[in-house]
Structures are given as C-alpha cells and as structure tokens.
Amino acid sequence: MALSDVKCRNAKPASKLVKLSDGGGLQLWVQPTGSRLWRLAYRFEGKQKLLALGSYPLISLAEARQARDDAKRLLLAGIDPAHERSLRKAASAKDTFRSMADEYVDKLKKEGRADRTITKVKWLLDFAYPTIGDKCIREIDAATILTALRRVEVRGRYESARRLRSTIGSVFRYAIATARAEADPTFALRGALISPTVTPRAAITDPKALGGLLRVIDAFDGQPTTRAALKLMALLFPRPGELRAAEWNEFDFDSPVWIVPEARMKMRRPHRVPLSRQAVSVLTSFREISGGGSLLFPSVRSDLRPISDNTLNAALRRMGYGKEEATAHGFRATASTLLNECGKWHPDAIERQLAHIENNDVRRAYARAEHWEERVRMVQWWADYLDELKSKNGGMISTGERGKPAFHS
C-alpha cells in the first residue's frame, strides 16, 4: 500500500528498525532514534543495492518519489544510480568556487592582464574564500554570497565589498561559459550593499600653490630617483603605475617620445607621450644614478622591482602635504584643470594626453586621432608654464612653504 504524507508524518519509532514501503523499491526507514530516512532498494547486474535519498521531512514524499523515478530511468539506460551519484559528487568537488576562481585568474594571466590587476583580483577573492571557497559553485546562492560581502562591509570597506561582488560575478560568468554553473547570483545583490562615498583624489589646481609644490619637490632631500619621479609626474602627468614601472628602453630621446606598453595601460593599448626639453633633462640627469638596470625607478631592495605604489605619496607626506591636499595621481587632475582653463588647447588633445578613452561609441569613432603635433606643443608649453610658476618666488623656498626651509632649487 502506497504511503501518504499523513502516514509518513505519524510514523512512530519502535525498538527495532521499521520499514514502510511506497512501491517501486522506495522505502521510509523509521529508526529507533526517531529519525526517518528514505531508501531505494534496487537490483543492478544481478546484485541487490541500496541508495540513500535523504531524510524526511527535509525530503518530502513527492521529492522522494521523483528521485526514485529518476533512478529508474538510469537503470533502464543501464546506469547504476549509486555510481552516477558518485561521479556527480566527484565533479562537484572539483567545481568549487575556489577552483573556478583559480581558472578565472589563470585566464586573466593568459590574456596578458597587468600583474597589478591580477594581484588585486587575488586579494579580493581571498575575502570570499572563507565563506564560499570550498562550496560547489552550483550550490552557492545570493544569500551566501551576501554573507561574504557583509564580512567586508562591516569593516567599513564599502568600495572593497562592491568590487568583491563584481569579481565574484566574473567568476560565476566564467563558470557559466564553461558549463559549470547555470546562473550568476550576484545580479540579485545589486543595490544590497552600502554605496561608498566617492572622494576625488586630492590635487592642487591653484597656480600659486602649484608653484610652491614644485619648489618643494626641487628641494626634496630624499631619494634622488623619487624626486625625479615627482618631477616627471608634474611634467608628463601619467598614471603613477605607468611611470613607476617605466623602463629605459621605452624612451627615445632623439624623437623625443616615451612609449608606454599596452601591458601597463589601463585601456590595454600602447600610449605615446611626447617629452618636453625639461622632461628629457630630468631623465638624462638622473640616469647615471638610477642603478644601471632596466628600470627607471628600481626599489631600494631590488634592482629588479620598481618602487612601490606608496613611494611617491609617502614623499609628498614628508614634504608636509596631507593626503587631502596632494597625491601622486592628483598631478593628472592638476594638468587637466589648468590646461583646459587656459583655453589654448583642444579638449580632445588634453584627453588623449591623459590616455582617456571616450565612453560614447559615436564620439570615440571621431576621437581616434592622436592630436600628436598639438600634444607636442602642449607638453612643451606646460613644462615652460611650470618653470614660470616655480620661478615666481625667485627659485627659493621660504620658511613659509612646505617641508624643510631654506633649500635652493
């Protein structure tokens, strides 16, 4: 006689195991302890076998019957349901979030992504591993991912939590593309996290204050290479990462031009930077003290590694500029603001010098020109303008300016 939900719910334990049959080999085992377990008895290749289907009421009667019917279909196809389950478990063990993340990172490496990008992705994923790293990626839901994100968010790291959600989503989309997952749960989490307050990087845009900063840089008594790097940041306004990892073979002093390889560019395309006379002078004057290696700015610990991300900002702090006043990246905003305000240069030439990519597809199609000749003139004008700002105090640092007083530039 077939079982019903009422019979299953009211089944009482006895001193010995009680087996209630539903037909087709499906049984509900009532243990003396009171637990009720679904079992499927079947024969495969002449041998009697038993398959565990879970516990009641976690697995309902309807779900147990569905599992029995699925197993019967496998038997008709000549497949042992127990062996098929073992194979699925083995596959699930391989398809953990961590294993998918490792494959995704390896894909990024093969695509030639910058080392800094790879390091950031790994750093973010480390936040997720304690919660979802060892779970089968197909079994991870939005609520579980949110738990991992909240652990980052509760520490006040709102931007890191937001980027972690995006990175986890990238791993899921890779798993979907490789047939190891069916959906990306992170889509359901849009709007669930606290939005970080965007604070623009500090930059000096007042010409008089900029002149003071340039004089302080000239008088900086730290590493000569750090002083040279800050001078080049002001003259060429690249992204700090583009400059600190620069190599001598990227510079052609005859042209003169600096070609930043695509591997270090944010938009993954090589970028030509015209060099002013002042930039060439800075480069040639410190080449002999740069260590003789391939890097312009080698670390003090190793000639094979460039200075760290924080080196230039730390130097600015030593000069007396707080992080709310000036940053290495802020030289880009300084140049962009003052070059646009002077009205001498086409905005597209300025944007191209900054290596910005137009977001609008139609406008980008018309903005592909490098504006090279104009940029050559503009970079030289900018260098001359900085010299003018710097000289307005007679080339001296007064006791009222930042850093240590009484240095000649």
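For the structure, see preceding data.
This write-up is about the structure you can find in this document.

## Notes on the packing of helix 6 (residues 142–153) against helix 7 (residues 158–177)
Describing two packed helices takes the angle between their axes plus the distance from one axis to the other.
Phase 1: Two numbers describe how helix 6 lies on helix 7: the axes approach to 8 Å, and their chain directions differ by 150 degrees. If you check the angle between helix 6 and helix 7, you find them roughly antiparallel. Crossing handedness for the pair helix 6 and helix 7: right-handed. In contact with Ile145, Leu149, Val152 and Glu153 of helix 6, helix 7 contributes Tyr158, Ser160, Ala161, Leu164, Arg165, Ile168 and Phe172.
Phase 2: Among the residues forming the contact of helix 6 with helix 7, the class breakdown is eight nonpolar, one polar and two charged.

## Some details on the sheet that holds strand 4 (residues 47–56)
Phase 1: Within the open sheet, the four strands sit side by side as 1-2-3-4. Their pairing is antiparallel. Only two strands of the sheet have a single neighbouring strand rather than two, namely strand 1 (18–23) and strand 4. Neighbour-to-neighbour, the strand axes of the sheet open up by a mean angle of 30 degrees, direction not taken into account.
Phase 2: Pairing geometry for strand 2 (residues 26–30) and strand 3 (residues 36–44), over five bridges, is antiparallel. Bridge assignment links glutamine 27 to a residue of strand 3, and that residue is arginine 39.

## Comments concerning the packing of aromatic side chains
Phase 1: Tallied over the entire structure, the rule returns 14 aromatic pairs.
Phase 2: On the numbers, 5.2 Å between centres and 10 degrees between planes, the contact of phenylalanine 251 with tryptophan 258 is stacked.
Phase 3: On the basis of relative accessible area, tryptophan 258 is assigned to the buried category, the value being 0%.
Phase 4: Here the aromatic rings of tryptophan 345 and tryptophan 381 are separated by 6.1 Å at their centres, their planes lie at 65 degrees, and the arrangement is edge-to-face. Highlighted residues: tryptophan 345 in the loop between helix 13 (330–342) and helix 14 (347–353) and tryptophan 381 in helix 16 (residues 372–391), separated in sequence by 36 residues.
Phase 5: Classification of tryptophan 381 by relative accessible area gives partly exposed; the value is 24%.

## Let's talk about the pairing of strand 2
Phase 1: The element strand 2 is largely enclosed, with a buried count of five among its five residues.
Phase 2: Side chains of strand 2 alternate between two faces, with Leu26, Leu28 and Val30 and Gln27 and Trp29 buried alike.
Phase 3: Pairing of strand 1 with strand 2, which is carried by five bridges, proceeds in the antiparallel orientation. Paired with leucine 20 across the bridge in strand 2 is leucine 28.
Phase 4: Count of turn residues in the strand 1/strand 2 antiparallel hairpin: two residues, of which glycine 24 carries a positive phi of about 70 degrees.
Phase 5: The loop that links strand 2 with its antiparallel partner strand 3 comprises five residues; one of these, glycine 34, has a positive phi angle of about 105 degrees.

## Some thoughts on the side chain of arginine 36
Phase 1: On the secondary structure map, arginine 36 appears in strand 3.
Phase 2: As a buried residue without a salt bridge, arginine 36 has its nearest oppositely charged side chain in aspartate 5, at a separation of 9.7 Å.
Phase 3: In this structure the side chain of arginine 36 is engaged in a polar contact, spanning 3.0 Å, whose partner is the backbone oxygen of arginine 9.
Phase 4: In this view, arginine 36 contacts Cys8, Arg9, Ala11, Leu28, Trp29, Val30, Ser55 and Tyr56; residues no more than four positions away in its chain are not counted.

## Some words on the sheet that holds strand 7 (residues 271–274)
Phase 1: Pairing is antiparallel in the open sheet, where three strands are placed in the order 5-6-7. The sheet is open, and its two borders are formed by strand 5 (251–252) and strand 7, each paired with just one other strand.
Phase 2: In this fold helix 16 packs onto strand 6 (257–260) and strand 7, with an angle of close to 45 degrees to the strand it touches most, strand 7.

## Brief notes about the pattern of salt bridges
Pairs may arise between side chains of opposite charge once their charged atoms sit close together.
Phase 1: Within the structure shown, the criterion is met by 22 salt bridges.
Phase 2: Its salt-bridge partner being arginine 68, residue aspartate 22 comes within 3.2 Å of it at the nearest N-O pair. Here the residue aspartate 22 occupies a position in strand 1, and arginine 68 occupies one in helix 2 (residues 61–76), the gap between them amounting to 46 residues. Of the two residues, aspartate 22 and arginine 68, both sit in the buried class.
Phase 3: Across the pair aspartate 70 and arginine 73 runs a salt bridge, and its minimum N-O distance is 2.4 Å. Residue aspartate 70 and its partner arginine 73 are located together in helix 2, separated by three residues, close to a single helical turn.
Phase 4: Exposure remark for aspartate 70: the relative accessible area of 33% places this residue in the partly exposed category.
Phase 5: With relative accessibility at 48%, the residue arginine 73 sits in the partly exposed group.

## Remarks on the pairing of strand 4
Phase 1: Here strand 3 pairs with strand 4 via nine bridges, running antiparallel. Across the sheet, arginine 43 pairs through a bridge with glutamine 48, a residue of strand 4.
Phase 2: Hairpin remark: strand 3 followed by strand 4, antiparallel, with two residues in the connecting loop; positive phi at glutamate 45, about 55 degrees.

So, how was this worked out
- Along each chain, residues carry numbers from 1 onward, in the same order as the chain's sequence is written.
- It should be noted that, the model being predicted, local features are given only for residues of pLDDT at least 70 and side-chain atom pairs only at 80 or more, the latter also being counted only at that level, while totals for whole chains, interfaces and linings use all residues.
- Remark: hydrogens and water are excluded; side-chain values derive from all non-hydrogen atoms of the structure.
- Lines fitted to the C-alpha atoms define the axes, with helices restricted to the stretch that makes contact. Angles between their N-to-C directions range from 0 to 180 degrees.
- Each helix corresponds to a stretch of at least 4 residues labelled H or I by DSSP, and each strand to a stretch of at least 2 residues labelled E; elements are numbered beginning at the N terminus.
- Every angle not falling under 35 degrees, over 145, or within 65 to 115 is termed oblique; those three ranges are roughly parallel, roughly antiparallel and roughly perpendicular.
- Crossing chirality is assigned from the near helix's rotation relative to the far helix, an anticlockwise turn below a right angle marking it left-handed and a clockwise turn marking it right-handed.
- Contacts are assigned to residue pairs with any non-hydrogen atoms lying within 4.5 Å of each other.
- Each residue receives one of three labels: charged for Asp, Glu, Lys and Arg, nonpolar for Ala, Val, Leu, Ile, Met, Phe, Trp, Tyr, Cys and Pro, and polar for the others, Gly being one of them.
- Strands are labelled as partners when DSSP assigns at least two bridges between them.
- Stacked, tilted and edge-to-face pairs are distinguished by plane angle, under 30 degrees for stacked and over 60 for edge-to-face with tilted covering the rest, among Phe, Tyr and Trp rings (Trp via its six-membered ring) whose centres lie within 6.5 Å.
- Only protein chains enter the accessibility calculation, which uses a 1.4 Å probe; a residue whose area is less than 20% of its type maximum is buried, one above 50% is exposed, and one in between is partly exposed.
- Only four residue types enter the charge count: Lys and Arg as positive, Asp and Glu as negative, with His and the chain ends excluded.
- Any carboxyl oxygen of Asp or Glu that lies within 4 Å of a side-chain nitrogen of Lys or Arg is treated as forming a salt bridge with it.
- Pairs of N or O atoms are called polar contacts if they sit within 3.5 Å, as long as, within protein, a hydrogen donor faces a hydrogen acceptor (for residues adjacent in sequence, only side-chain-to-side-chain pairs).

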